[in-house]
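Listed here are the chains, written in short residue letters.
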Amino acid sequence: MTVFTMVCAGYYLLSVSKTDGYYLYLIDDAYIHLAMAKNFALYDVWGVTRYKFSSTSSSPLFTGLLSVLIRLLGNNDQLSLYFNIVFGFGTVYFLSRYFSEIFSKAKYIVISVLFTLFFSVLHLQVLSGMEHVFHVFLFVLNIYCLSTFKNKYSIAGFYLSLLLMGLVRFESMFYFVILAFVFALMQKWKETILILVTGFIPIVLFCWFNYQQDGFLFPNSVIVKGTKFSFDSNFPHQLKAIFLDNFLLNISFYKIGFFPLVLSIIFIVRDYNKKNFHELVKSNFLLIVISMLMICHSMFADLKGMFRYEAYILTGFSMALIPKLKDLFENFKSYIKNEKIISAIVLMNILLLIYKCSFAHLMLENGGKNIYEQQMQSAKFLHTYYNESKVVANDIGAITYFTDIHLLDTAGLGSVETIVFNENKRTPDTEFQNFLKDYTIHNKYDIVIIYDAWLQNHIPTNWKKAAELKIKNPITVARDKVSIYAVDKDNLEKLKENVRSFRWNKNVEVTIMAQP
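Residues numbered from 1 in each chain as written. Predicted model: local features only at pLDDT ≥ 70, side-chain atom pairs only at ≥ 80, totals over all residues. Heavy atoms only, no water.

Can you lay out the overall build of the protein chain for me, pointing to particular residues and giving the numbers?
Within the protein chain, the secondary structure is distributed over 25 helices and 6 strands. What you see for the protein chain is a C-alpha radius of gyration of 24 Å, in line with the 24 Å of a compact globule of 516 residues. Principal-axis analysis of the C-alpha atoms gives the protein chain an extent of 80 × 50 × 45 Å. Every one of the 516 residues in the protein chain was classed for burial, and the buried ones make up 56%. In the protein chain, once contacts between residues fewer than 6 apart in sequence are set aside, the share between residues at least 24 apart is 68%. For the protein chain, the accessible area works out to roughly 22700 Å², and carbon and sulfur atoms hold 62% of it. Taking the 48 positively charged and 39 negatively charged side chains of the protein chain as two groups, their mean positions are separated by 8 Å. (Helix = DSSP H or I, 4+ residues; strand = E, 2+ residues; numbered from the N terminus. Rg over C-alpha atoms; globule rule 2.2 N^0.38 Å. Buried < 20%, exposed > 50% of the residue type's maximum accessible area, 1.4 Å probe, protein only. Contact = heavy atoms within 4.5 Å. Areas by Shrake-Rupley, 256 points an atom, 1.4 Å probe, with all protein chains shown as cover. Lys, Arg positive; Asp, Glu negative; His and termini not counted. Charge placed at Lys NZ, Arg CZ, Asp CG, Glu CD.)

An account of the pairing of strand β4 (residues 464–470) is needed here, citing residue identities and associated values.
The sheet contact formed by β4 and strand β5 (residues 481–486) spans 6 bridges and is antiparallel. Bridge pairing in β5 links Leu 469 to Val 482. Taken together, the 4 bridges between β4 and strand β6 (residues 509–512) define a ladder with antiparallel strand orientation. What sits directly across from Lys 470, in β6, is Glu 509. (Pairing = 2+ DSSP bridges.)

Residue-level account of the pattern of salt bridges, with values.
Summed over the entire model, instances satisfying the criterion amount to 14 salt bridges. Measuring nitrogen to oxygen at the nearest pair gives 3.8 Å for the salt bridge that ties Arg 50 to Asp 404. With a gap of 354 residues between them, Arg 50 in the loop between α2 (29–43) and α3 (60–73) and Asp 404 in the loop between α22 (397–401) and β2 (406–409) connect regions that are remote in the sequence. The partly exposed category is assigned to Arg 50, whose relative accessible area is 31%. In this structure, Glu 339 engages Arg 270 in a salt bridge whose closest nitrogen and oxygen atoms are separated by 2.7 Å. Pair noted here: Glu 339 is in the loop between α19 (332–338) and α20 (340–373) and Arg 270 is in helix α14 (residues 258–272), with a separation of 69 residues, a long-range link. A relative accessible area of 37% means that Arg 270 is categorised as partly exposed. A cluster of three or more residues bridged by salt bridges with shared partners is formed by Asp 452, Lys 465, Glu 468 and Lys 481. (Salt bridge = Lys/Arg side-chain N within 4 Å of Asp/Glu carboxyl O.)

So, a nonpolar patch on the surface: which residues are in play, and what are the values?
Together, Leu 239, Phe 243, Leu 244, Leu 248 and Leu 249 give the surface a local cluster of nonpolar side chains, amounting to about 440 Å² of exposed area. For Leu 249, the location among the structural elements is in the loop between α12 (235–248) and α13 (251–256). Judged by its relative accessible area of 63%, Leu 249 falls in the exposed class. (Patch = residues over 30% accessible without salt bridge, like charges linked within 9 Å, V, L, I, M, F, W, Y side chains within 5 Å.)

Residues and numbers for helix α25 (residues 492–501), please.
Every buried residue of α25 is listed here: Leu 492, Leu 495, Lys 496, Asn 498 and Val 499. Along the axis of α25, the buried positions cluster into a sector of 160°, meaning they face one direction only. On its buried side, α25 packs onto α21 (375–385), β3 (447–450), β4, β5 and β6. (Arc of directions from axis to C-beta.)

How would you sum up unusual backbone geometry? Please name residues and give values.
The backbone of Asp 44 shows a phi angle near 55°, a positive value even though the residue is not glycine. Counting through the fold element by element, Asp 44 comes out in the loop between α2 and α3. Residue Asp 44 is classed as exposed on the basis of its relative accessible area, which comes to 58%. With phi around 55°, Lys 444 is a residue other than glycine that occupies positive phi space. Checked against the element boundaries, Lys 444 lands in the loop between α23 (430–442) and β3. Here Lys 444 falls in the exposed class, since its relative accessible area comes to 66%.

Help me get a handle on the side chain of Asn 220, residues and values and all.
Among the structural elements, Asn 220 can be located in helix α11 (residues 220–225). For Asn 220, a relative accessible area of 1% gives the class buried. A distance of 3.0 Å separates a polar atom in the side chain of Asn 220 from the backbone oxygen of Leu 413. Aside from chain neighbours lying at most four places away, what touches Asn 220 is Ser 55, Asp 214, Gly 412, Leu 413, Gly 414, Ser 415, Val 416 and Ile 419. (Polar contact = N/O pair within 3.5 Å; in protein donor to acceptor, adjacent residues only side chain to side chain.)

Break down the layout of surface pockets for me, with residues and values.
By volume, the second largest pocket is sized at about 790 Å³. Around the second largest pocket sit 27 residues that line it, and Leu 146, Ser 147, Thr 148, Lys 282 and Phe 285 are the ones nearest its centre. Of all elements in the fold, only α7 (132–147), α8 (152–165), α10 (189–214), α15 (277–283), α16 (285–300) and α17 (311–321) reach the threshold of two or more residues within the lining of the second largest pocket. (1 Å grid on protein atoms, 1.4 Å probe; cavity = no way out; pocket = protein on both sides within 12 Å on 5 of 7 lines; lining within 4 Å. Points joined across faces, edges and corners; volume = space filled by probe spheres on them.)

Quick rundown of the nonpolar core? Include the residues and the values.
Counting 158 residues, the largest nonpolar core has Tyr 175 and Leu 179 as its most contacted members. Here this core gets 12 residues from one element, more than from any other, and that element is α7. If we ignore the near neighbours within four places in the chain, the residues touching Leu 179 are Asn 142, Leu 146, Phe 158, Leu 162, Ile 195, Phe 285 and Val 289. The next biggest cluster of nonpolar side chains, apart from the first, holds 15 residues, and it includes Leu 436, Ile 459, Trp 463 and Tyr 485. (Core = buried A, V, L, I, M, F, W, Y, C linked by side-chain atoms within 4.5 Å.)

Tell me what's going on with empty space enclosed by the protein, and back it up with residues and numbers.
Scanning all chains against the criterion turns up 4 cavities of 30 Å³ or more. The volume enclosed by the largest cavity comes to roughly 90 Å³. Counting residues per element, the ones that place at least two in the lining of the largest cavity are α21 and β3. Considered class by class, the residues forming the lining of the largest cavity number 6 nonpolar, 4 polar and 1 charged. Within this model, the second largest cavity holds a volume of roughly 40 Å³. (Nonpolar A, V, L, I, M, F, W, Y, C, P; charged D, E, K, R; others polar.)

Give me the sheet that holds β4: which residues, what numbers.
Taking strand neighbours across the sheet as the criterion, the 6 strands line up as β2-β1-β3-β5-β4-β6 in an open arrangement whose pairing is mixed. Of all the strands in the sheet, the pair left with one neighbour each is β2 and β6. Taking each pair of neighbouring strands and ignoring which way they run, the sheet shows an average axis angle of 20°. Sheet topology places strand β1 (residues 390–393) next to β3; 3 bridges connect them, and they run parallel. Its bridge partner being in β3, Val 392 is matched across the sheet by Val 448. (Axes fitted to C-alpha atoms, helices over the stretch in contact; angles between N-to-C directions.)

Please provide a residue-by-residue account of the side chain of Asn 366, values included.
With respect to the helices and strands, Asn 366 occurs in helix α20. Apart from the residues within four sequence positions on either side, Asn 366 is in contact with Lys 18, Asn 473 and Ile 475.

Structure representation (structure tokens):
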């Protein structure tokens, strides 16, 4: 715990040294949760703005708990960090308890815990201010309780963690189904039914609530980013996207899940000829579950971005594989001599750990600085001149948390009106361009702050560019340049004047557009 704490503290200090002494999260998404939590706590509105419902949070329970903290402790954007620190320590505690059941020597327990933490890049997740630490904590608790399932407290902890997990990350549905399936293979029908009921009841209730509000079952981000089946002429293309693009031809899969999966398959195959089916499943229960989970997640969810979406799976792989590698810890020299293939794959996983931690270092070193120079500067500008104005944007976290703007989100996360133009990975087109033009004129929007590239040359003709804001070394932001537009050309000169008058951060290169 001391090593992990020192690493997190070191990166925290490094980050604040580049942001004028104030800690900022590494990605803008963290502020989406905070904006919704603020609005729910202070205005009783479940939305990214205080004016209307928007199912923008992909983690309803995490956002809801933040809103409770805001109501009790006041509106403070550091609450997400404090929350993650608490559950980060909780994760370390239960990992230590889990591995102490496997190893008798403290040094092996420490090595196992540290490997698991850094293999899942949990220090990055703690400092990101997102829900993934909470998700990993519940996953670790669930597996720990599963390992001591006959104890009544463990049974309670197992089902309680299942109950909460689905509302922290909706990908947990894969885990519920696979876990129930493997229990069914062992003909444990009571556990199979209880797992499905416990896991899915909270999700069903939330989906019912969400549907009553905006006509969609899931949050906007799940609708926009998730894989969608439609049994029409596009079905073969969808199958290709799922099995090839998302899985077999996805380089991220080979960076993240391939080698742990291969190692799991080796252990399962070795038991195949030694044990009957029931014994095979029982002795490799967790390996089977996590391996199937990795495959399903690769095909139907995301494998990108800070390793955050798959952090829980990598933690699960560590908890499943390390017990199988007990002899590697205790008889190192003889094991690597006799088990050359397994030792080589373990080495590849260690190299992947180093790669991921190196990538995390770049994000932790410059992520907060990127957000400070781009999203925070945009938020401060809007707060100064357009605090309650109607704003079009496509990176919506900081600008909604630190202001009281009315929002149209071109990416669909904060505005149900634009979901149809973004779902199923649809790219911008002329229809979307015309919609944005008509909608922003009819509803009298004032200003636009977007990445031009996200609209791919489909900028509405009524939007007049006032300025461009450029930063250096973009690591955790989508683009290095943000454009500011006036929706009504009569307001263009006033907007340019405001851009000139605002005190931008010295690292932001501001370009005022010349009169056409």
